[in-house]
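Secondary and tertiary structure notes
Chain residues, written in single-letter form:
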Amino acid sequence: MTTYNGEKYLREQIDSILSQTIQDFELIVCDDCSTDSTIDILNKYQQSDKRIKVYRNDSNLGFKKNFEKAISLCHGEYIALSDQDDIWMPDHLELLLKAIGTKSMAFGNCNIVDENGKSLGMTVQYQESMDTVPNDDISWGKTVYLFRNPAMGMAMLFKRDLLKYALPFPDIKLHDIWLICLSSMMDGISYVETPIVNYRRLGTSITGMRTTRRWKYTHIKYSIMDPARKVAAETILNRIPDLSLTKKNFLKRVIMMVARNGTHKGRLLNRSYLLSHYYGIFNCTLLRWR
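Residues numbered from 1 in each chain as written. Predicted model: local features only at pLDDT ≥ 70, side-chain atom pairs only at ≥ 80, totals over all residues. Heavy atoms only, no water.

Before going further, it helps to spend a moment on the side chain of Q125. Along the polypeptide, Q125 turns up in helix α5 (residues 124-127). In contact with Q125, not counting residues within four places along its chain, are N109, M130, V133, Y191 and E193. (Helix = DSSP H or I, 4+ residues; strand = E, 2+ residues; numbered from the N terminus. Contact = heavy atoms within 4.5 Å.)

Printed below as a string of structure tokens:
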């Protein structure tokens, strides 16, 4: 868990973690120089529970570098991420552990709630129009590299083996995008459709306040030709030389598509490739976009 001025919701989140059906865990918390009572709250929890270890940064690292530090301090075989203001379901860890199997990562669906914890009537899976769940690594890769990121960091569980290639984080804005891009090119991803966390949407959230279902058409109209995906692909190719030929070729295609998207001809070529994979990923036709 990482924290920064999180006194308002912090106790509720920590209590939900301590109430898990699986109790064999450590809770690593890195505080990024909070100026409110966050560190006092954390120290009280640490004093009452030996599983909790609190670290306070000497200077403000920012949320991504703070997560990188927290992850590097973990000792367990599996690592789950937590924000400071959500609420985990009691079986959050249990469901992810059951799902991960031989995969590198498992992540779960989330209920979206407001600042008071009241349901806003939808899940992240519904919001992201993920009506079809990918069933192989390349399909997951096409989903997260080219169209969307349906994985929230606070709903992730991944194996410690991932850290060999994950750290240090490359120059990508969001750590969860990097981790899911990497996992899809390693041993793959499992998904839990049951909501495992109440995801609190605040006006100050990094991910913003959108709470409506994303029309499937927007995923093709505004498909991701993001330099961050190019960085992820290049980093993976550099760090994992023994990737399968299929995965290497896919990552090289991502790099090429992002690079050529700055020209009209390049955008047309990209659109043709995206359309050829779009319908299977989004389970829709030209006549049914929702």
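On to unusual backbone geometry, then. Geometrically, the link from L167 to P168 is a cis peptide bond, its omega value of -5 degrees lying close to zero. Following the sequence through the fold, P168 ends up in the loop between α7 (163-166) and α8 (175-185). The backbone of N5 shows a phi angle near 45 degrees, a positive value even though the residue is not glycine. Its place among the elements puts N5 in the loop between β1 (2-3) and α1 (10-18). Residue classification places N5 among the partly exposed residues on the basis of a relative accessible area of 29%. Phi at C33 takes a positive value of approximately 65 degrees, unusual for a residue other than glycine. Structurally, C33 can be placed in the loop between β2 (27-31) and α2 (38-48). Assessed through its relative accessible area of 22%, C33 is described here as partly exposed. (Buried < 20%, exposed > 50% of the residue type's maximum accessible area, 1.4 Å probe, protein only.)

A word on the confidence of the model for the chain. Residues of the chain with pLDDT of at least 70 account for 88%, and the chain-wide mean is 90. Ignoring residues within four places in sequence, the model shows residues 204-209, a span with pLDDT below 50, making 10 contacts including any to other chains. (pLDDT = per-residue confidence, 0-100.)

Okay, the packing of aromatic side chains next. Inspection of the entire model under this criterion finds 3 aromatic pairs. Arranged with centres 4.9 Å apart and planes meeting at 55 degrees, the rings of F107 and Y191 form a pair that is tilted. On the criterion of sequence distance, the pair formed by F107 in strand β6 (residues 105-113) and Y191 in strand β9 (residues 189-200) is long-range, its members being 84 residues apart. The class for F107 is buried, based on a relative accessible area of 0%. One aromatic cluster is present, built from ring pairs that chain together F107, W140 and Y191. Positioned above the aromatic ring of F25, the side-chain terminus of R51 is 4.6 Å from the ring centre. (Phe/Tyr/Trp six-rings, centres within 6.5 Å; stacked < 30°, edge-to-face > 60°. Lys NZ or Arg CZ within 6 Å of the ring centre and 35° of its normal.)

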